[in-house]
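Chain by chain, the residues:
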Amino acid sequence: MNPLAYGERFLRLLKRKLIQTFEEDVVPEVKKAVMDNYDSLLMNKVPEGSLGRPEDFRDLFVERLDEYPFVKTDNLIVKLSVPDNDTFDFGEGLSFLKHVMEGMAGFYYLIPIETYRLLGYTPPSLRETLYLVREDDPLMDDVRNILGETFLTPYAFSNSPPMDVFEDVRKQASQRVADAVKKAVSLAKNDFRRLY
Amino acid sequence: MSYEMRSIRKEDLSVYHYIKEVVLLDFIELDEYVPLVLDPKLSSTTNDADPSTNILVYAAETDTLPNPISRGRGWVYFDTVSGTTLSPCEPYAVVSGTRADGVATTGTPEQSTMVTVFDANLSVVSDLVYMVDYVDGRIVTDDPNLDISYVTYNWYYVSVVDEWALIQSAEPPVVVVDIQSTYKEGYQLGAGKKVTRKVDLHIFASSAAERKDLLDTLFDGLYLKSCPLYDFPLGDVLDYDGTFYGRKDNPNKLTSLFDRTSNKNIIGNLQFENVTARNVGLPPILSRNREEVMSDLNAYRAKVSFDLVSYTYS
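Residues numbered from 1 in each chain as written. Chains lettered and ligands numbered in written order. Predicted model: local features only at pLDDT ≥ 70, side-chain atom pairs only at ≥ 80, totals over all residues.

Draft legend 1. Focus on the overall build of chain A. Helix and strand counts for chain A stand at six helices and five strands. Along chain A, helices (α) and strands (β) appear in the sequence α-α-β-β-α-β-α-β-α-β-α when read from the amino end. The C-alpha atoms of chain A give a radius of gyration of 23 Å, which is well past the 16 Å a tight globule of 196 residues would have. Along the longest, intermediate and shortest principal axes, the C-alpha atoms of chain A span 80 × 30 × 25 Å. Expressed as a percentage of the 196 residues in chain A, the buried residues total 28%. Sequence-distant contacts, at least 24 apart, represent 76% of the contacts inside chain A between residues at least 6 apart. (Helix = DSSP H or I, 4+ residues; strand = E, 2+ residues; numbered from the N terminus. Rg over C-alpha atoms; globule rule 2.2 N^0.38 Å. Buried ≥ 20, exposed ≤ 12 C-beta atoms within 10 Å, placed from the backbone. Contact = placed C-beta atoms within 7 Å.)

Draft legend 2. Main features of the overall build of chain B. Each helix and strand counted, chain B has three helices and 15 strands in total. By the compact-globule yardstick of 20 Å for 314 residues, chain B fits well, its C-alpha radius of gyration being 21 Å. Referenced to the eigenvectors of the C-alpha coordinate spread, the extents of chain B come out at roughly 65 × 60 × 45 Å. Scored against the burial criterion, the 314 residues of chain B give a buried share of 33%. Sequence-distant contacts, at least 24 apart, represent 73% of the contacts inside chain B between residues at least 6 apart.

Draft legend 3. How the structure looks around the nonpolar core. If you look at the biggest cluster of nonpolar residues, it comprises 104 residues, and the most contacted ones within it are Val 133 of chain A together with Trp 75 and Val 175 of chain B. If you tally residues by element for this core, the top one is helix α1 (residues 3-42) of chain A, at ten residues. For this core, the two domains that each supply at least three residues are domain 1 (1-27 + 158-229 + 266-314) and domain 2 (28-77 + 114-157) of chain B. (Core = buried A, V, L, I, M, F, W, Y, C linked by C-beta atoms within 7 Å. Domains from an automatic or database assignment.)

Draft legend 4. Representation of the domain arrangement of chain B in the model. Residues and elements named next belong to chain B. Under the domain assignment, chain B is made up of domain 1 (1-27 + 158-229 + 266-314) and domain 2 (28-77 + 114-157). Look at where the C-alpha atoms of domain 1 and domain 2 centre, and you get two points 31 Å apart. Contact residues are listed per partner, giving twelve residues for domain 1 and nine residues for domain 2. With three residues, the top contributor of residues to the side of domain 1 that touches domain 2 is strand β9 (residues 159-161).

Draft legend 5. Representation of the interface of chain B and chain A. At the junction of the two partners, chain B supplies 19 residues and chain A supplies 22 residues. For the side of chain B that touches chain A, a count of residues per class yields eleven nonpolar, three polar and five charged. (Nonpolar A, V, L, I, M, F, W, Y, C, P; charged D, E, K, R; others polar.)

Draft legend 6. Representation of the sheet that holds strand β1 (residues 28-38) of chain B. Residue and element names in this part refer to chain B. As summarised here, the arrangement of the six strands in space is β5-β8-β1-β2-β7-β6, forming an open sheet in which the pairing is antiparallel. Both outer strands of the open sheet, β5 (115-118) and β6 (131-133), are each paired with one neighbouring strand and no more. Averaged over all pairs of adjacent strands, the angle between their axes in this sheet comes to 30°, without regard to strand direction. Strand direction decides the pairing type here: strand β2 (residues 56-60) and strand β7 (residues 138-141), joined by four bridges, are antiparallel. Across the sheet, Tyr 58 pairs through a bridge with Ile 139, a residue of β7. (Pairing = 2+ DSSP bridges. Axes fitted to C-alpha atoms, helices over the stretch in contact; angles between N-to-C directions.)

Draft legend 7. Structural view of the sheet that holds strand β14 (residues 270-280) of chain B. Residues and elements named next belong to chain B. Within the open sheet, the six strands sit side by side as β9-β10-β11-β15-β14-β12. Their pairing is mixed. Taken across any chain shown, the strands that pair with only one partner, and hence form the sheet edges, are β9 and β12 (226-227). Two strands pair when backbone bridges link them, and β12 and β14 are joined in this way by two bridges, in the antiparallel orientation. If you follow Ser 226 over to β14, its bridge partner there is Gln 271. The strands that helix α1 (residues 7-23) touches are β9, β10 (174-185), β11 (194-205), β12, β14 and β15 (300-311); relative to β10, the one it contacts most, it runs at about 145°. Seen against the sheet, helix α2 (residues 208-222) touches β11, β14 and β15 and runs at an angle of roughly 10° to β15.

Draft legend 8. Spotlight on unusual backbone geometry. Put simply, Leu 65 of chain B and Pro 66 of chain B share a cis peptide bond, and its omega is -5°. The omega torsion across Pro 172 of chain B and Pro 173 of chain B is 5°, close enough to zero to call that bond cis. Within the secondary structure layout, Pro 173 of chain B lies in the loop between β9 and β10. Positive phi outside glycine occurs at Asn 44 of chain A, with the angle close to 60°. On the secondary structure map, Asn 44 of chain A appears in the loop between α1 and α2 (54-67). Backbone geometry at Phe 232 of chain B places phi at a positive 45°, although glycine is not the residue there.

Draft legend 9. Looking closely at helix α3 (residues 95-102) of chain A. Residue and element names in this part refer to chain A. Of all eight residues in α3, seven are buried, a share of seventy percent or more. Residues Ser 95, Phe 96, Leu 97, His 99, Val 100, Met 101 and Glu 102 constitute the buried set of α3. Positive backbone phi, approximately 80°, marks Gly 103, located one or two places after α3.

Draft legend 10. Structural detail: the pairing of β14 of chain B. Pairing geometry for β14 of chain B and β15 of chain B, over eight bridges, is antiparallel. Bridging across to β15 of chain B, Gln 271 of chain B finds its partner in Val 309 of chain B.

Draft legend 11. The pairing of β7 of chain B, seen in detail. Residue and element names in this part refer to chain B. Of the pairings in the sheet, the one linking β6 to β7 comprises three bridges and is antiparallel in character. Residue Val 132 lies in a different strand from β7, and its bridge partner there is Ile 139. A loop of four residues connects β6 with β7, the two strands running antiparallel in sequence, and Gly 137 in this loop sits at a positive phi of about 65°.

Draft legend 12. Structural context of the packing of α2 of chain A against α3 of chain A. All names here are of chain A. Here α2 crosses α3 at 110°, and the two axes come no closer than 10 Å. Judged on the interaxial angle alone, α3 and α2 are roughly perpendicular. Once α2 is placed against α3, the crossing between them reads as left-handed. Residues Pro 54, Phe 57 and Phe 61 of α2 touch α3, and the partners they reach there are Phe 96, Leu 97 and Val 100. In terms of residue class, the contact of α2 with α3 is made up of six nonpolar, no polar and no charged. (Parallel < 35°, antiparallel > 145°, perpendicular 65-115°, else oblique. Left-handed = near helix turned anticlockwise from the far one by under 90°.)

Have a look at this one:
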């Protein structure tokens, strides 16, 4: 066989092993690091029964994390992509968390979408259940008239700096990549010897 | 027990001054012939037995927006040097003189051209007979016969603060200097550490155009650049009351220099590495009308992140 064809076969084998090693060794650790950050930064910060508890968004967040395309391929190139605030999918139900993770200057209240509808306004999206309203926005006068002051829910992360659960995850992942590549090369070499 | 600032505070302050006074140098505005009004609450003119204890505080009454004396802004306290061979990285003159405690040093004196006080006839009043409160925008004097009626001053247009909680008390544009985390590791056999601090600059602009300008200015001010780590032996540039440190004791500006001696424990400067910048897009908030949404403090945000790296001797 043409030596170049052997090289091509080895590269394709290596690509498969890299994908396998990333998916089996690195991605679970990245997910664990993200969720550890989520739990330490966001959980138990808002009283039970309140609107906008990060606990209530945790399952959906895990679901989105599982859907995230960590391993991307382009011909013979294998890329490990680590989510951040720009690349993670905060759409459809998680936009509340995006505010928490980027931080919000100023004070806000949380308004359920039903209340906004009751006021006669059309929500910007039907997929979100909770929205923020600035404390001095004229809309708050309407909300107070309907809900009364007692039932208003202040946004617990008002005037808080970013609580970024992806912080430092990239660094941890890059430290694991070198080991994963070594392992993938070793596996590819063994398979190559066995097959050819 | 003597107490000295830890290195992280010196680094934070050095970066703060670098951002405010060097990188954002183009964002200095001029407010001219602003009326000065005596503030009776802050003034004390009742001690006839010892008139030297009397003090008169004049506040500048301006309706400029954003307010020049809101948090993180204030009047400009250093003269910039133009038309010289000074490096654009160091736009302030460094001269020989003494610190406020009498120790000989090289440093930068209090400004002479950034704040000018006039009498009712618009004649310039000598700066030997008054002090400037740069934080609150006031002129302080002990001479009850002094005619001071107007002030022309340069002020920092961009508010630079070091705490997230202070953003709301400043109007945009605001830049928050936020040191996130610290890593220390060895870099050679023997003593010395490589210290890496993750720093974020959060930009809160008042329009998309302003956000672009600030983002690019800050990025260029950091990328492939470094800044000195000052030692701050007597504290910050300004005293607790907003006056230039040491000015209360002596009007001679060469005897109250801001000490520009670099910290001796690091090799070279503080280096900015891995500089990245991005716009921060947030999901929509609810409002009664679009104007309220666009005027929200978080409407035009961006973030510049970098590693602040230094190599220490010990």
